[in-house]
Amino acid sequence: MTLDLPSTREEAWRWADLGGIAAAAALTPITRPDAQFLDLPGAKLLFVDGVLDDAASDLHRVCVGDLTPGAHALGKRATRGWSLHLDAQAVAHPVQVVHVATGGDNHVAAEIVLDTDTSAQVVETFVGAGWSNRNTRIRLGKAARLMRAVRMTQGAGFVTLRDEAELGEGASLIGTMLAAGDQGVRIDAAITLAGEGGYAEYGGALLTRDRLKQECAVRVRHAEPNGQSHQLWRAVAADQSQASLAAAVEVARHAQKTDGEQSLRGLLLHRTATVNLKPELEIFADDVKCAHGATVGELDARALFYMASRGIPAPRAKALLTKAFVADALDRIADETVRAAFAADADAWLESAL
């Protein structure tokens, strides 16, 4: 099978594992793994190889059908999926979406539209093996609030996410991503604060090992004054794997009083692993507060020595320090049940990797 994929000669795709995507799309079928819904009220959607399992799903306010594809190189493949539309001042129970892949490639689109002063929470989980490709469009009205958490725990293959979000006046988007499986990952997002006083918090943790490659490529654009954005990403790379974090903030000329922050940190569990960091600021306004930090290092030798002197075995000490490093990104999940599930996924990955 020949796939029409972008080229790594393009700057936006320089670290993309396009070979990994092609290999994932060619994976032979596997036995269908069990769905993993959390103990939360609200809608539950189970997609198996990109097709809704009606018998195992409870839609509530969610609709399923055809959606208009965008122009993104990978996202345009997704033309059918689910949508959530909330009218003014509505509050929805959480929406859970579990994506099960059993080999080959599958593509699902999503659309989230929240009207004035609405609130919603979306939790997505990826399991199985294959290429799971997703395209999500988000539009938030005045003072609307969306909390979204995505965990990628496939045992093999690749997960690609494309998020396109537009935030109205005073709207808030909080997105947390966790890659803690044995799949390659590309998280690709374009977030626009199109209304005054918008707030975007978008980040997470990439945990990679063996020879896997995982990356995020996120651009936040401040188009109006008094907006805030925070991008906090953590990457842990073991063996001969590679994690890449590219985060950009763009501030339009009239978007005064903008507050944009980036924190990109990488942790190498082995010196044969690689973490690439690329923070980027494009500021055209003169009354802003923007900052970024980017560091890559190893576990603190002094902390490991201290813990060893207290009788803590080296693997346990490494796990504790790495867990604290990752927790920085996951603690931003407000829902206790969701946060605990993400932490458990990270702990399981660390126990295996260390």
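The rules behind these values
- Residues numbered from 1 in each chain as written.
- Predicted model: local features only at pLDDT ≥ 70, side-chain atom pairs only at ≥ 80, totals over all residues.
- Heavy atoms only, no water.
- Helix = DSSP H or I, 4+ residues; strand = E, 2+ residues; numbered from the N terminus.
- Rg over C-alpha atoms; globule rule 2.2 N^0.38 Å.
- Contact = heavy atoms within 4.5 Å.
- 1 Å grid on protein atoms, 1.4 Å probe; cavity = no way out; pocket = protein on both sides within 12 Å on 5 of 7 lines; lining within 4 Å.
- Points joined across faces, edges and corners; volume = space filled by probe spheres on them.
- Core = buried A, V, L, I, M, F, W, Y, C linked by side-chain atoms within 4.5 Å.
- Buried < 20%, exposed > 50% of the residue type's maximum accessible area, 1.4 Å probe, protein only.
- UniProt positions renumbered as here; feature names shortened; annotations may be inferred.

Caption draft 1: Focus on the overall build of the chain. For the chain, the helix and strand inventory stands at four helices and 17 strands. Computed over C-alpha atoms, the radius of gyration of the chain comes to 20 Å, within 12% of the 20 Å expected from 2.2 N^0.38 for 354 residues, which places it in the range of a compact globule. Its C-alpha atoms put the chain at 60 × 55 × 40 Å along the principal axes. Sequence-distant contacts in the chain: of pairs separated by 6 or more residues, those separated by 24 or more amount to 81%.

Caption draft 2: Structural detail: the layout of surface pockets. There is about 270 Å³ of room inside the largest pocket. What lines the largest pocket is a set of 17 residues, among which A12, A217, V218, A246 and K278 lie closest to the centre. Counting residues per element, the ones that place at least two in the lining of the largest pocket are β10 (184–193), β12 (213–222), β14 (242–251) and β16 (274–283). Considering each element in turn, the lining of the largest pocket owes the most residues, five residues, to β12.

Caption draft 3: Region of interest: the nonpolar core. One finds W82, M152 and I187 to be the most contacted residues of the largest nonpolar core, which totals 54 residues. Here this core gets six residues from one element, more than from any other, and that element is strand β5 (residues 95–114).

Caption draft 4: Region of interest: the UniProt feature "domain: SUF system FeS cluster assembly SufBD core" (unreviewed entry) in the chain. Here, UniProt's "domain: SUF system FeS cluster assembly SufBD core" (unreviewed entry) annotation points to residues 111–325. A helix fraction of 10% and a strand fraction of 62% characterise residues 111–325, whose end C-alpha atoms lie 33 Å from each other.

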